[in-house]
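# Commentary on secondary and tertiary structure
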Number of protein chains: 2
Amino acid sequence: MKKISILKPVLVSNQERAKENRKFFDKTNSLVLNIIGSPGSGKTSVIERVVKDLKSSYQILVIEGDIKGSIDSERLSKLKIDTIQINTLTECHLDAFMTAQVLPQIKKPYDLVLVENVGNLVCPAEFEIGEDYKVAILSTPEGDDKPLKYPLLFHLARVVIINKVDLLPYLDFNIKRARENIKGKNPKAIIFEVSASTGEGFEGLIDFLKKELTKRK
Amino acid sequence: MKKISILKPVLVSNQERAKENRKFFDKTNSLVLNIIGSPGSGKTSVIERVVKDLKSSYQILVIEGDIKGSIDSERLSKLKIDTIQINTLTECHLDAFMTAQVLPQIKKPYDLVLVENVGNLVCPAEFEIGEDYKVAILSTPEGDDKPLKYPLLFHLARVVIINKVDLLPYLDFNIKRARENIKGKNPKAIIFEVSASTGEGFEGLIDFLKKELTKRK
């Protein structure tokens with residue numbers, strides 16, 4: 001009970017700050033995606049594929065949110081794009097204030113800002129950071145019931161990426177049921193089925209992102 | 001900053017309440033395991049296997065923590081054991097107060113109480129609930145780097161179960177590196193490699209639990 005009474009004002013002030021962050025990104029017409037998924041769902045691998053496909057045509061920044069360390073930023077820096085690391089320490093999600101703290105490091109206009117949130121299906125969904133929208137990543141080994149068990153994220157995410165479809169032959173994961181579970185929480189969700197390890201299914205996602213980026217030009 | 005100053009007193013009072021819960025379980029010499037892992041890491045499937053192997057010899061209770069719904073309790077009730085559901089609603093973890101609320105529902109002595117926490121590697125590690133110890137579940141599709149990225153859980157867990165070893169041939173997951181990453185955070189961690197879908201590796205875990213249960217008799 002104690003925590004609920006604290007959470008509400010925190011969320012309200014977070015939302016105000018998220019609006020300020022949004023104004024910052026709007027100045028450069030940046031498309032900002034808040035990428036949320038479980039630990040090991042393949043957030044970094046999906047980002048790697050997207051960066052490889054789009055970096056010749058677009059200016060891309062990746063903001064990496066992690067409790068500790070910079071394993072993912074180091075992986076991404078090999079792609080020769082700009083990255084910024086946020087370490088959340090005790091916090092299990094990024095919020096608008098943490099995001100605001102790194103805005104002064106953004107010195108040039110980016111077409112696309114990919115924010116990799118902390119691996120967690122719960123709290124990251126509760127905190128806006130100034131994104132255009134949330135992108136949920138659901139990997140097939142997690143099971144097709146996850147949209148039912150973690151409904152807020154799937155309700156809010158405009159795009160849902162079902163990752164690791166290369167593992168489907170070895171799993172009891174039903175794509176049709178997964179889609180129904182997602183659409184049950186969010187009938188307008190745009191769903192892509194991909195494998196970040198084989199590259200399967202990325203054409204659709206890349207086309208979608210290119211259209212989104214063109215709208216902003 | 002705001003949140004950190006709030007968190008500390010919340011944790012202190014949580015710990016006091018966890019001690020009270022512990023006293024409750026000590027009256028019946030119950031072994032209480034706080035089972036923590038990512039969404040889809042196989043917590044419920046591991047519990048199913050353990051229950052099947054031990055229910056003829058021991059009284060078992062499963063406490064299911066979920067944001068919403070009761071999918072897992074329904075799965076487990078098919079095994080004809082007692083289950084109690086806790087819905088955490090906005091909270092991403094169980095805490096000692098939520099656990100205390102269901103203690104009055106516990107009407108008989110149980111040898112083994114398996115508490116399935118909310119799927120999350122971060123916050124559940126921060127809140128004691130009155131357990132004997134934490135059991136971390138790491139599934140192979142999540143990657144062998146997760147102990148580095150979510151250190152607190154792996155630091156605190158007495159037992160770490162590496163699940164889904166049947167998928168190893170299809171993944172870039174190095175068991176040796178995973179073990180090193182776990183031991184780096186917690187040299188005393190007891191590690192089991194299992195597949196809840198094939199049953200591989202459960203003998204070791206079941207033997208371990210039987211010994212733990214015998215100590216309490």
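Shown above is the structure to which this text applies.
What counts, and at which threshold
Residues numbered from 1 in each chain as written. Chains lettered and ligands numbered in written order. Predicted model: local features only at pLDDT ≥ 70, side-chain atom pairs only at ≥ 80, totals over all residues. Heavy atoms only, no water. Pairing = 2+ DSSP bridges. Helix = DSSP H or I, 4+ residues; strand = E, 2+ residues; numbered from the N terminus. Axes fitted to C-alpha atoms, helices over the stretch in contact; angles between N-to-C directions. Contact = heavy atoms within 4.5 Å. Disulfide = S-S within 2.5 Å. Buried area = accessible area lost by both parts, 1.4 Å probe. Salt bridge = Lys/Arg side-chain N within 4 Å of Asp/Glu carboxyl O. Polar contact = N/O pair within 3.5 Å; in protein donor to acceptor, adjacent residues only side chain to side chain. Phe/Tyr/Trp six-rings, centres within 6.5 Å; stacked < 30°, edge-to-face > 60°. Buried < 20%, exposed > 50% of the residue type's maximum accessible area, 1.4 Å probe, protein only. Lys NZ or Arg CZ within 6 Å of the ring centre and 35° of its normal. Core = buried A, V, L, I, M, F, W, Y, C linked by side-chain atoms within 4.5 Å. Parallel < 35°, antiparallel > 145°, perpendicular 65-115°, else oblique. Left-handed = near helix turned anticlockwise from the far one by under 90°. Nonpolar A, V, L, I, M, F, W, Y, C, P; charged D, E, K, R; others polar.

### With respect to the sheet that holds strand 7 (residues 190-193) of chain B
Residue and element names in this part refer to chain B. In spatial order, the strands read 3-2-4-1-5-6-7; together these seven strands make up an open sheet with parallel pairing. Each of the sheet's edge strands pairs with one partner strand only, and the pair in question is strand 3 (82-87) and strand 7. Pairwise comparison of adjacent strand axes, ignoring direction, gives a mean angle of 20° for this sheet. Sheet topology note: the strand 1 (residues 31-37)/strand 4 (residues 112-116) ladder contains five bridges and is parallel. Bridge assignment links Val-32 to a residue of strand 4, and that residue is Val-113. Along the sheet face, helix 2 (residues 43-54) touches strand 1, strand 2 (60-66), strand 4, strand 5 (133-139) and strand 6 (159-163) and points at about 165° away from the line of strand 4.

### Focus on the state of the cysteines
This model, assessed by the stated rule, comprises zero disulfides over all chains. Looking at Cys92(A), it has no disulfide partner, and the nearest cysteine sulfur is the one in Cys123(B), 3.1 Å off.

### Structural notes on the interface of chain A and chain B
Each side of the interface is counted separately: chain A has 38 residues, and chain B has 38 residues. Around 3200 Å² of area is buried between chain A and chain B when both sides are counted, 63% of it from carbon and sulfur atoms. At the junction of chain A and chain B, the tally comes to four salt bridges. For Lys149(A), the salt bridge identified is with Asp72(B), shortest N-O distance 2.5 Å. The interface formed by chain A and chain B contains six residue pairs in polar contact (both at pLDDT 80 or more).

### Observations regarding the side chain of Ser195(B)
Residues and elements named next belong to chain B. As for its placement among the helices and strands, Ser-195 is situated in the loop between strand 7 and helix 8 (202-215). A polar contact of 3.0 Å, which involves the side chain of Ser-195, links it to the backbone nitrogen of Thr-198. Ser-195 has contacts with Asn-163, Lys-164, Val-165, Asp-166, Glu-200 and Phe-202, leaving out every residue within four places of it along the chain.

### Observations regarding the sheet that holds strand 2 (residues 60-66) of chain A
Sheet strands line up and pair through hydrogen bonds in the backbone, either parallel or antiparallel. Residue and element names in this part refer to chain A. Spatially, the seven strands line up as an open sheet ordered 3-2-4-1-5-6-7, and their pairing is parallel. Each edge of the open sheet carries a strand with a single partner, namely strand 3 (82-87) and strand 7 (190-193). Pairs of neighbouring strands in the sheet enclose a mean axial angle of 20°, with direction left out of account. The pairing of strand 2 with strand 4 (residues 112-116) spans five bridges and is parallel. By the bridge assignment, Val-62 is partnered in strand 4 with Leu-114. Set on the sheet, helix 2 (residues 43-54) makes contact with strand 1 (31-37), strand 2, strand 4, strand 5 (133-139) and strand 6 (159-163); between it and strand 4 the angle comes to about 165°. Its contacts with the sheet place helix 8 (residues 202-215) against strand 1, strand 4, strand 5, strand 6 and strand 7, and it is angled at close to 140° to strand 7.

### Some points on the packing of aromatic side chains
Inspection of every chain in the model, using the stated rule, returns five aromatic pairs over all chains. For the ring pair Tyr170(A) and Tyr170(B), a centre distance of 3.5 Å and an interplane angle of 10° mean the geometry is stacked. Of the two residues, Tyr170(A) sits in the loop between strand 6 and helix 7 (175-185) while Tyr170(B) sits in the loop between strand 6 and helix 7 (175-185), which places them in two different chains. By relative accessible area, which is 37% here, Tyr170(A) ends up partly exposed. Measuring from centroid to centroid gives 5.6 Å for Phe192(A) and Phe208(A), while their planes differ by 55°, and the two rings are tilted. Placement of Phe192(A) in strand 7 and of Phe208(A) in helix 8 is noted, with a sequence separation of 16 residues between them. Note on accessibility: Phe192(A) and Phe208(A) belong to one class, buried. For the cation-ring pair, Arg158(A) lies above Tyr133(A), with the distance from its terminal atom to the ring centre recorded as 4.8 Å.

### Regarding the pattern of salt bridges
The final tally for this structure, using the stated rule, is 32 salt bridges over all chains. Linked through salt bridges whose partners overlap, the residues forming this network are Arg22(A), Asp26(A), Asp132(A) and Arg216(A).

### Points about the nonpolar core
Grouped together as the largest cluster of nonpolar side chains are 49 residues, with contacts concentrated most on Val160(A), Ile162(A), Val160(B) and Ile162(B). Of all the elements in the fold, those that place two or more residues in this core are strand 5, helix 6 (151-156), strand 6 and helix 7 of chain A together with strand 5, helix 6 (151-156), strand 6 and helix 7 of chain B. When sequence neighbours within four positions are dropped, the list of residues in contact with Ile162(B) reads Leu138(B), Thr140(B), Phe173(B), Ile175(B), Ala178(B), Ile182(B), Ile191(B), Phe192(B), Glu193(B) and Val194(B).

### Focus on the packing of helix 2 of chain B against helix 8 of chain B
Residue and element names in this part refer to chain B. In the contact formed by helix 2 and helix 8, the axes pass within 11 Å of each other and the chain directions differ by 60°. By the angle between their directions, the pair helix 2 and helix 8 is classed as oblique. Handedness of the helix 2/helix 8 crossing: right-handed. Note on element contacts: helix 8 touches helix 2 through Phe-202, Leu-205, Ile-206, Leu-209, Lys-210 and Leu-213, opposite Val-46, Arg-49, Val-50, Asp-53 and Leu-54. Considering only residue class, the contact of helix 2 with helix 8 consists of eight nonpolar, no polar and three charged.

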